[in-house]
Amino acid sequence: MNRTFSIISAMLLAFFFIGCEQELSINEAGYLVPKTVEQDSSLPSITVNNTQLHAETFGNPANPMLVILHGGPGSDYRYLLNCKAFASEGYYVVFYDQRGSGLSKRHAKDIYTIQIMLDDLSAVITHYRTSPSQKVYFLGHSWGAMLATAYINTYPQSVDGAILAEPGGFIWQDVIDYVGRSRSFKLLSETLNDATYLDQFITGKQDEQAILDYKFTLMASADESSESSLGNDGPLPFWRSGALIQEALFEAGDREKPDWTTNLKTYTTKVLFIYSERNKSYGLAHAQKVSSAYPNVDLVKINGAGHDMLSFPTGWSNFYPIALNYLKHL
Amino acid sequence: MRILKLILTLSLLSIYNSSAQTLNWASLKKEQRHLANLNIGLDYGVTAGIVYSYHLKTALPMAIGLEYSMPSGKKIGDDFKTKLGGQIRWFRFSDFNFSTRIQGVFRRFDSNYVTLTNFGTDVSGTLGYYKPKWFLAGEAGFDKAIVTHFKHSDLMSDNFTAKNGWYMPATGGNFYYGLQTGFSWQSHDIILKVGKVINQDFRTEPLLPFYVQIGYTLKMK
């Protein structure tokens with residue numbers, strides 16, 4: 001009995017010290033994920049198309065514009081900041097976090113459509129364009145390359161060249177096939193169980209976006225696991241993962257089954273299409289299948305890199321000269 | 001101090017309430033006091049667990065117990081769940097039995113970015129048809145993560161300095177409902193539980209929206 005009493009007393013004492021810590025509110029902005037441009041006016045932003053986007057530019061505004069399109073949907077451009085280097089090679093480099101992603105403003109789930117993402121991109125180009133003759137190039141990674149292609153398919157005359165890095169696909173079935181392969185983990189793996197185990201600790205309603213974003217950030221770390229087929233060198237830098245936009249655009253894709261290849265035959269400008277040596281879910285066969293939608297494509301493998309080939313030293317050093325050479329010959 | 005009160009309340013609930021392992025009330029004999037259970041299944045991941053329960057000498061059949069389970073993965077023991085509590089059979093009508101269960105939950109989640117330590121509670125009710133050799137029952141319950149401590153790693157700090165500490169209000173909660181069945185012989189039970197899990201908003205589902213448990217129980221005097 002004395003022993004039981006001692007154990008209970010020790011537990012109560014331990015709980016007392018634990019309980020004296022300051023309580024934090026899980027709904028408080030800036031506690032678990034960074035504040036967005038709407039919540040922190042010190043962040044660089046632009047207001048376009050009825051939203052506020054976290055955005056930055058590098059280089060001479062009169063130079064040809066290179067718009068960097070990040071992946072996800074729901075990631076941010078922090079992992080693509082190596083692309084600032086293009087500014088010193090005569091390009092006006094434009095970065096922006098897509099609507100609902102990174103440090104850009106959040107919206108309700110029903111706002112997000114493929115069309116509004118295209119409209120945002122048009123608005124970003126218009127905002128930064130300094131002359132009607134200024135050339136516009138895209139550099140899109142993963143989902144960003146899909147967005148670039150959806151845009152080219154819709155407005156082929158508006159884009160003067162594109163570098164596309166491992167887009168999942170331009171027709172929905174290709175996207176599903178690729179995502180299925182890249183998200184496939186062994187049943188007993190640490191990565192899969194880390195993703196599923198979290199659900200008993202944190203749940204968030206649709207209007208508790210900071211909680212959903214935090215949880216999505218933890219789950220997105222599966223991509224950097226050594227158990228992942230993506231072949232990345234390690235963790236990627238990030239600001240905030242946008243959970244709702246990711247969910248909304250996947251649901252929209254599943255519902256609408258988009259085909260962004262219907263008009264690509266009219267786009268005769270050469271496209272640089274790159275894929276990585278180490279991404280086991282991608283590979284030459286998928287790269288050939290996806291890139292074949294473009295009539296004029298240069299298909300290049302980036303050695304020594306995985307899916308996030310633009311973010312790590314070896315991938316970047318192998319990619320950069322190829323990309324520069326492509327842009328200079330357009 | 002609200003955290004302190006909550007943790008104390010949960011601890012007392014755990015200590016003074018009665019086990020959580022799935023029982024065949026019709027086959028459980030008065031003299032069988034010690035119940036040991038091994039189980040595997042899907043419970044927010046592929047899990048393996050062990051349960052010890054003590055069958056109390058009370059007017060209403062009651063058992064208190066302690067559970068420990070952990071998910072599979074390379075790092076064994078970095079994530080786990082313990083439950084302390086019990087169950088009581090409130091009434092019996094013919095071969096139908098109704099019981100409730102309440103447990104305090106202490107669990108841990110560890111990833112490259114954060115270590116979460118949570119105190120919560122799990123309450124459920126079970127109504128079923130129990131025979132000495134088999135049973136079939138329906139269960140429904142709610143698993144609430146009431147207060148959670150967040151301790152972020154340097155890797156997270158490289159990206160964003162998220163605040164460490166105890167987070168309130170409740171950080172999570174899921175409802176679950178399903179079926180239990182089992183076969184009993186002598187002092188042995190084989191148990192199967194299957195069910196569905198849904199977020200407390202009744203709209204979203206966890207990544208693994210169902211649970212399955214297969215278990216073996218040995219009942220000893």
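Residues numbered from 1 in each chain as written. Chains lettered and ligands numbered in written order. Predicted model: local features only at pLDDT ≥ 70, side-chain atom pairs only at ≥ 80, totals over all residues.

Chain B goes by Outer membrane protein beta-barrel domain-containing protein in an unreviewed UniProt entry, where it is assigned to Emticicia soli.

You'll find chain A entered in an unreviewed UniProt entry as Alpha/beta fold hydrolase, with Emticicia soli given as the organism.

Remarks on the overall build of chain A
If you tally the helices and strands in chain A, you get 9 helices and 9 strands. Against the globule reference of 20 Å for 330 residues, chain A gives a C-alpha radius of gyration of 22 Å, in line with a compact fold. Looking at chain A as a whole, 47% of its 330 residues are labelled buried. Long-range contacts, defined as pairs at least 24 residues apart, comprise 73% of the intrachain contacts of chain A with a sequence gap of at least 6. (Helix = DSSP H or I, 4+ residues; strand = E, 2+ residues; numbered from the N terminus. Rg over C-alpha atoms; globule rule 2.2 N^0.38 Å. Buried ≥ 20, exposed ≤ 12 C-beta atoms within 10 Å, placed from the backbone. Contact = placed C-beta atoms within 7 Å.)

Describing the UniProt feature "domain: Serine aminopeptidase S33" (unreviewed entry) in chain A
Feature annotation in UniProt places "domain: Serine aminopeptidase S33" (unreviewed entry) on residues 64–181 of chain A, given in this structure's numbering. Its end C-alpha atoms 37 Å apart, residues 64–181 of chain A is made of 31% helix and 18% strand. (UniProt positions renumbered as here; feature names shortened; annotations may be inferred.)

A look at the pairing of strand S9 (residues 297–302) of chain A
Residues and elements named next belong to chain A. Here 6 bridges tie strand S8 (residues 271–276) to S9, and the two strands are oriented parallel to one another. Note that in S9 the partner of leucine 272 across the bridge is aspartate 298. Handedness of the crossover joining S8 and S9 through helix H8 (residues 283–291) is recorded here as right-handed. (Pairing = 2+ DSSP bridges. Right-handed = clockwise from strand over helix to strand, strands pointing away.)

With respect to helix H2 (residues 114–128) of chain A
Residue and element names in this part refer to chain A. The terminal C-alpha atoms of H2 lie 22 Å apart, and with 15 residues this matches the ideal 21 Å at 1.5 Å per residue to within 8%. For H2, the full list of buried residues reads Met117, Asp120, Leu121, Val124 and Ile125. Buried residues of H2, viewed axially, fall in a sector of 135°; they line one side. Those residues of H2 that are exposed and angled more than 90 degrees off the buried face are Gln115 and Thr126. Among the structural elements, strand S2 (45–48), strand S3 (51–58), strand S4 (65–69), strand S5 (92–96), strand S6 (136–141) and helix H3 (143–154) are those in contact with the buried residues of H2. (Expected span 1.5 Å × (residues − 1). Arc of directions from axis to C-beta.)

Focus on the environment of leucine 244 of chain A
All names here are of chain A. Structurally, the position occupied by leucine 244 is in helix H7 (residues 243–256). The sequence separation of leucine 244 and arginine 106 amounts to 138 residues, and the corresponding C-alpha distance is 8.6 Å. If near-sequence neighbours (up to four positions away) are discounted, leucine 244 is found in contact with Gly100, Lys109, Gln209 and Leu212.

Regarding the sheet that holds S3 of chain A
Residues and elements named next belong to chain A. If you walk across this open sheet you meet the 8 strands as S2-S3-S5-S4-S6-S7-S8-S9, and the pairing is mixed. On the outer flanks of this sheet lie S2 and S9, each paired with one strand and no other. Mean inter-strand twist for the sheet, computed between neighbouring axes without regard to direction, equals 25°. Sheet topology note: the S2/S3 ladder contains 4 bridges and is antiparallel. Looking across to S3, one finds that serine 45 is bridged to histidine 54. (Axes fitted to C-alpha atoms, helices over the stretch in contact; angles between N-to-C directions.)

Considerations on unusual backbone geometry
Residues and elements named next belong to chain A. In this structure, proline 73 follows glycine 72 across a cis peptide bond, with omega equal to -5°. Within the secondary structure layout, proline 73 lies in the loop between S4 and S5. Unusually for a residue other than glycine, serine 142 sits at a positive phi of about 55°. With respect to the helices, strands and loops of the structure, serine 142 is situated in the loop between S6 and H3.

Concerning the pairing of S3 of chain A
In summary, the side chains of a regular strand alternate between the two faces of the sheet. Residues and elements named next belong to chain A. Where S2 folds back on S3, the antiparallel hairpin that results is connected by 2 residues, among which asparagine 49 adopts a positive phi of roughly 45°. By the bridge criterion, 4 bridges tie S3 to S5 in an arrangement that is antiparallel. Bridged to threonine 57 within S5 is valine 94.

Here we look at the environment of tyrosine 92 of chain A
Residue and element names in this part refer to chain A. Assignment of secondary structure puts tyrosine 92 in strand S5. Note: C-alpha distance between tyrosine 92 and proline 61 (31 residues apart in sequence) is 5.4 Å. Excluding residues that lie within four positions of it along the chain, tyrosine 92 makes contacts with Thr57, Gly59, Asn60, Pro61, Asn63, Pro64, Met65 and Leu66.

Quick notes on the packing of helix H6 (residues 209–220) of chain A against H7 of chain A
Axis angle and axis distance: for two packed helices, these are the angle between their axes and the distance between the axes, and together they describe the pair. Residue and element names in this part refer to chain A. Where H6 meets H7, the axes come as close as 8 Å, and the angle between the chain directions of the two elements is 80°. In this view, H6 runs roughly perpendicular relative to H7, as classed from their interaxial angle. The residues of H7 that touch H6, namely those facing Gln209, Leu212, Asp213, Lys215 and Phe216, are Ala243, Leu244 and Gln246. Here the contact of H6 with H7 is built from residues that sort into 4 nonpolar, 2 polar and 2 charged. (Parallel < 35°, antiparallel > 145°, perpendicular 65-115°, else oblique. Nonpolar A, V, L, I, M, F, W, Y, C, P; charged D, E, K, R; others polar.)

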